[in-house]
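# Results of the structural survey
Here's the letter readout for the chains.
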Amino acid sequence: MQLPLQTVNMLVGFICWVIISPLIPFISEDVNIPAEQVAIITAVPVILGSVLRIPLGYYANVIGARKVFIASFILLLFPIYYISNTSSHIDLLIGGFFLGIGGAMFSVGVTSLPKYYPKEKHGLINGIYGVGNIGTAIASFSAPVLAVQIGWQNTIRLLLVVLIVFIVINIFFGDRQEKLVKQPLFGQIKGIINNEKLWVISLWYFITFGSFVAFTVFLPNFLITNYGIDNVDAGIRTAGFIALATFIRPLGGFIGDKFDPLIALIFTFLGITIGGIILAFSPTFMLFSIGCLLVAATAGIGNGLVFKLVPQYFNKQAGIANGFVSMMGGLGGFFPPLILTLIHAITGQYAIGFMLLSQVALASLILAGWMFYQNKVSIAAKVFNSMGQGVLVTDEHGKITDINPRFTEITGYEADEVRGKNPSILQSGEQDPAYYSNMWDMLKREGIWQGEITNRKKNGELYRQWLNIKEVRSSEGEIERYVGTFSEID
């Protein structure tokens, strides 16, 4: 039952995290909020919600998700009560900062839940857990409606009751027997910080989850200001964006389980690139909606795909890696609203900001293609080095370019001793020149030769081997190299 419990935990945390954004139009009727402070107030909860993801992901492994969720809900009681009694925009900044605890809860589940399921289901499980993002949609949809009926202060105070209920639920139903992983925090950070894959994956989540969060906090005020729709309608439309990005997330995890997640990410970033371009050209409301929905769908799929990759590359440091990647995703939601506001202040429009989104997504697409290629090369290298037969590779002129470890075990020659030389250094003298002439005639005629041959090891010892030589041609039909594989005959 930990999957549904932790998913709903995150849902509640996310409602608290973004509660200010949909209520800003109502709060501003009672509290004087300078126009230039609106973007900062709605974005500031993202700061702590991002940075705290590292320690919360770590402690989810050390003390268990149950205790981390309970502590988080208790701590959230204070900023929720404080904001419900706010009298200035400074109070909103202070209280909003500590609402970030709710957003930081994300890293708890993505660290804890994979322990309960086999590796081939991790993408789907983290995708289902990610549905907890719907908390932002619930806040965007319900908060304005409730504020009309009972006022914005009482709308926020209702969350105090919800938090107390979930503290009790987690006390009784949280897993007390969760498998714990106790490793030094700084040791884990040191183990991942120099891995370039961490930074690439973090950039991807910065774009996918960052765009999700940025649009969540940015859309309500943007729709009201630029398209003249009312507060409730803006909340409903923002909730639609969030719902699409959230409910499609498990599909991203499922795709990551069934197919290569890097290939899927290439198509994901292509979608975000196209969506950003549509938004950049000051479209009609209909085109703007299409661009937003395209970003929502592809960002949601991307969110599911990214957390299929994290345990794949950082199995032993999953908690801290999840925290770091999710922190970068949260920060991806902090900066865009501020950048868009600044760009609008300078140029009078948002086009450059949306175009920037499309170009960063395009760069991410290229990085996904590069990593896919690197993985293929890495797999080929592992196969090459683990083969039970000796392997030597030559260029088209017959000069050795590479050997595998088994070649060294059999012959005694290291790679730097044979690279650039002719395989004739292995000849024993047991075969006459006509033997080698027939070998090359067959290679030229059929592209392959195999047979028994006696060669000499580095220490002078003669040995018999069964040798296969095959030519490798380019797509134009030109010989690029020769590959020889052999095994020693006792």
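Note that residues are indexed from 1 along each chain, following the sequence as it is written. Given that this is a predicted model, residues contribute local features only at a pLDDT of at least 70 and side-chain atom pairs are listed and counted only at 80 or more, while totals for whole chains, interfaces and linings are drawn from all residues. With hydrogens and water set aside, each side-chain value is computed from the structure's full complement of heavy atoms.

In the annotation of an unreviewed UniProt entry, the entry for the chain reads Probable nitrate transporter NarT, and the organism field reads Salinicoccus halodurans. The UniProt entry for the chain carries the following text under Subcellular location (unreviewed entry): "Cell membrane". What UniProt states about the chain under its Sequence similarities (unreviewed entry) heading is, verbatim, "Belongs to the major facilitator superfamily. Nitrate/nitrite porter (TC 2.A.1.8) family." UniProt positions are given in the numbering used here, feature names are shortened, and annotations may be inferred rather than shown by experiment.

This part is about the packing of aromatic side chains. Only rings of Phe, Tyr and Trp enter the pairing, Trp through its six-membered ring, and a pair is recorded when the two centres are within 6.5 Å. The plane angle decides the type: under 30 degrees is stacked, over 60 is edge-to-face, the rest tilted. This model, assessed by the stated rule, comprises 20 aromatic pairs. The interplanar angle of 20° and the centroid separation of 6.5 Å between the aromatic rings of phenylalanine 69 and phenylalanine 73 together place this pair among those described as stacked. Of the two residues, phenylalanine 69 and phenylalanine 73 are both situated in helix H6 (residues 65–84); the distance of 4 residues between them amounts to about one turn of the helix. Neither phenylalanine 69 nor phenylalanine 73 differs from the other in exposure class; each is buried. Ring centres of phenylalanine 215 and phenylalanine 241 lie 5.1 Å apart, and the angle between their planes is 15°; this geometry places the pair in the stacked category. Placement of phenylalanine 215 in helix H14 (residues 196–227) and of phenylalanine 241 in helix H15 (residues 231–247) is noted, with a sequence separation of 26 residues between them. The numbering of helices and of strands both runs from the N terminus, where a helix is a DSSP run of H or I of at least 4 residues and a strand a run of E of at least 2. Exposure classes here rest on a 1.4 Å probe applied to the protein chains alone. A residue is buried below 20% of its type maximum, exposed above 50%, and partly exposed in between.

Next up on the list: the nonpolar core. Nonpolar core, defined: a set of buried Ala, Val, Leu, Ile, Met, Phe, Trp, Tyr and Cys residues in which side-chain atoms within 4.5 Å join the residues together. Core analysis: the biggest nonpolar cluster contains 118 residues, and Ile19, Leu23, Phe73, Trp204, Phe215 and Phe354 have the highest contact counts within it. Top element by residues in this core is H14. It accounts for 14 residues. With residues up to four places along the chain from it excluded, the contact list for leucine 23 reads Ala143, Pro144, Ala147, Trp152, Thr155 and Ile156. In terms of nonpolar packing, the next biggest core, distinct from the first, is built from 18 residues, Leu392, Phe407, Ile410 and Met439 among them. Only heavy atoms matter for contacts: two residues are in contact if any of them lie within 4.5 Å across the pair.

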